[in-house]
Amino acid sequence: MSIRIAGLTLEHPVLNGSGTFDAIAARRAFGDELGERFPFSAFVSKTITPEPRAGNPPPRLFETPSGMVNSIGLPNKGLAGFLDQDLPELAELPVPLVVSVMATDREGFSRLVGAVGARDEVAAIELNVSCPNVKSGLIVGEQPAETLALCEALRPLTAKPLIVKLTPNTADPAAVALAAEQGGADAVSLINTLRATALDPATGEPWLGAGSGGLSGPAVRPLALDQVRRVAAEVGVPVIGMGGIESGADALEFLTLGAQAVAVGTANFRDPGAGERVRRELEGLRGQAPALHLN
Ligand code: RRO
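I will try to describe carefully the structure that is included in this document. (Residues numbered from 1 in each chain as written. Predicted model: local features only at pLDDT ≥ 70, side-chain atom pairs only at ≥ 80, totals over all residues. Heavy atoms only, no water.)

**Brief notes about unusual backbone geometry**
To be explicit about the condition: Here a helix means four or more residues in a row that DSSP labels H or I, a strand means two or more in a row labelled E, and each is numbered from the N terminus.
Here the bond from P58 into P59 is cis, since omega is -5°, no more than 30 degrees from zero. With respect to the helices, strands and loops of the structure, P59 is situated in the loop between β4 (43-44) and β5 (61-64). For the peptide bond that leads from L190 to I191, omega is 15°, which places it in the cis range. Tracing the sequence through the fold places I191 in the loop between β10 (187-190) and β11 (194-196). For S66, which is not glycine, the phi dihedral falls at a positive 60°.

**Description of the packing of helix α5 (residues 144-154) against helix α6 (residues 173-182)**
Our working definition: Orientation is described by lines fitted to C-alpha atoms, with helices fitted over the stretch in contact, and by angles between N-to-C directions that extend from 0 to 180 degrees. To sort the angles, those under 35 degrees are grouped as roughly parallel, those over 145 as roughly antiparallel, those from 65 to 115 as roughly perpendicular, and the leftovers as oblique. Each crossing is labelled by how the near helix is turned from the far one, with a counterclockwise turn of less than a right angle marking it left-handed and a clockwise turn marking it right-handed. By definition, residues are in contact when any of their heavy atoms lie within 4.5 Å. Residues are grouped as follows: nonpolar covers Ala, Val, Leu, Ile, Met, Phe, Trp, Tyr, Cys and Pro; charged covers Asp, Glu, Lys and Arg; every other residue, Gly included, is treated as polar.
Two numbers describe how α5 lies on α6: the axes approach to 8 Å, and their chain directions differ by 20°. Overall, the two elements α5 and α6 adopt an arrangement that is roughly parallel. In the crossing of α5 with α6, the sense of the turn from one axis to the other is right-handed. Contact residues: α5 offers P144, T147, L148 and C151, while α6 offers A175, V176, A179, A180 and Q182. Residue classes in the contact of α5 with α6 are distributed as seven nonpolar, two polar and no charged.

**Points about the pattern of salt bridges**
What counts is decided by this rule: A side-chain nitrogen of Lys or Arg and a carboxyl oxygen of Asp or Glu constitute a salt bridge if their distance falls within 4 Å. For each residue, the accessible area found with a 1.4 Å probe, counting protein chains only, is set against the maximum for its type, and the residue is called buried under 20%, exposed over 50%, and partly exposed in between.
Scanning the model with the defined rule gives 17 salt bridges in all. Residue R27 pairs with E92 through a salt bridge whose shortest N-O separation is 2.5 Å. Separated by 65 residues along the polypeptide, R27 in helix α1 (residues 23-30) and E92 in the loop between α3 (78-90) and β7 (97-101) bring together distant segments of the chain. On the basis of relative accessible area, E92 is assigned to the exposed category, the value being 53%. Notably, a salt bridge pairs R229 with D226, separated by 2.6 Å at the nearest N-O pair. Linking R229 with D226, this pair stays in helix α7 (residues 221-234), spanning three residues, or about one helical turn. For R229, a relative accessible area of 35% gives the class partly exposed. Taking the relative accessible area as the measure of exposure, D226 reaches 30% and is therefore partly exposed. Overlapping salt bridges, with partners in common, bring together R37, E276, R279, R280 and E283 in one network.

**Re the packing of aromatic side chains**
Formally: For Phe, Tyr and Trp, where Trp contributes only its six-membered ring, two rings pair if their centres lie within 6.5 Å, and the inter-plane angle classes them as stacked under 30 degrees, edge-to-face over 60, or tilted in between.
One pass over the structure, following the stated rule, counts five aromatic pairs. A connected cluster of aromatic rings, assembled from ring pairs, spans F21, F38, F40 and F43.

**Observations regarding the site of the ligand**
Under the convention used in this document: When at least one non-hydrogen atom of a residue lies within 4 Å of a molecule or strand, that residue is treated as near it. Whenever two N or O atoms come within 3.5 Å, that pair is a polar contact, provided that in protein one can donate a hydrogen and the other can accept it, and provided that, for residues adjacent in sequence, both atoms are side-chain atoms. Each accessible area value is a Shrake-Rupley result obtained with a 1.4 Å probe; residue values ignore everything except the protein chains displayed when judging cover.
Taken together, K46, N70, I72, G73, L74, N128, C131, P132, N133, N192 and T193 make up all the residues around the ligand. Take G73: an N or O atom from its main chain is 2.7 Å from an oxygen atom of the ligand. Between a nitrogen atom of the ligand and a side-chain N or O atom of N192, the distance comes to 2.8 Å. For the ligand, the accessible surface in isolation is 320 Å², of which the surrounding protein chains cover 92%. Along the lines of polarity and charge, the residues of the shell around the ligand split into four nonpolar, six polar and one charged.

**Observations regarding helix α8 (residues 248-256)**
Listed as buried for α8 are G248, D250, A251, F254, L255 and T256. In the core, the buried residues of α8 are packed alongside α7, β13 (239-242), β14 (261-264) and α10 (274-288). Downstream of α8 by a residue or two, G258 has a phi angle that is positive, lying close to 120°.

**Considering the sheet that holds strand β12 (residues 213-216)**
Keep this limit in mind: Paired strands, in this sense, are two strands between which DSSP finds at least two bridges.
A sheet is described by the order of its strands in space; here four strands give the open sequence β5-β6-β12-β11, paired in antiparallel fashion. In the strand order of this sheet, the two ends are held by β5 and β11, each with one partner. Strand-to-strand twist of the sheet, defined as the mean angle between neighbouring strand axes without regard to direction, takes the value 35°. Looking at chain direction, β11 and β12 are connected through three bridges and run antiparallel. Of the residues in β12, the one forming a bridge with A196 is G213.

So, in structure tokens, the structure goes:
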């Protein structure tokens, strides 16, 4: 049974977290098979910026108990490169396309939303106001007033649904979510990664080339669940919940606490079939028990 979220019709509630599944590489590897059995009900792109970026210096990943710290730093082709090279390929996916965008100022965000929102191939735009790995990446999403002002500025630029990706690195995520809703967001998604540091055990120096990064994976799931619960209790717009989901049972917990959809992120790196498995397991569990909402 399909669901409607923020103007999107989704065949099931499992999406991918931005930047955790390379659909273009997967298409090359799996060909038509991927088209026939795409694991997610919508595809969320890796975040793009107005200009190309090389990303952060290596190393960019550190494995932790039950998690991972990343400091990728938003490598991407920039707006023009994305529209020319990636969009035609992503448009062939059999599910709605959500393009994630981020800029360091309002003008950059406006350029992105104007250009991406003008493309028929794009179903919705996710505003990434929560990247921990670039200077200024978190300034907007940590503060309700900044989030409100950004959403109010961008809302008139497109009729496409706007999803605001929230950070857990803030005292009151529900206040930021409410600000996004007030500014015209159609949905919120959370959580992005938790600001984190890892040291090289051999030297005691920072392991990551950029010095610090963002923690994801099962280690963050209880915190993500709590933030989703708090946000879903406050906002009227749909909530897309994520943070360490590895199974259908994990996904069901987010739905139980008020999320309308979920995203699989870090699990995709270890198992490209994780999304498909989570969806299957979730379907099985939902067949067994009545829906329960505890927010
Ligand atoms: O590219 C990254 O380093 C990155 C991004 Br844009 C983000 O939103 N969250 C994250 O953990 N890493």
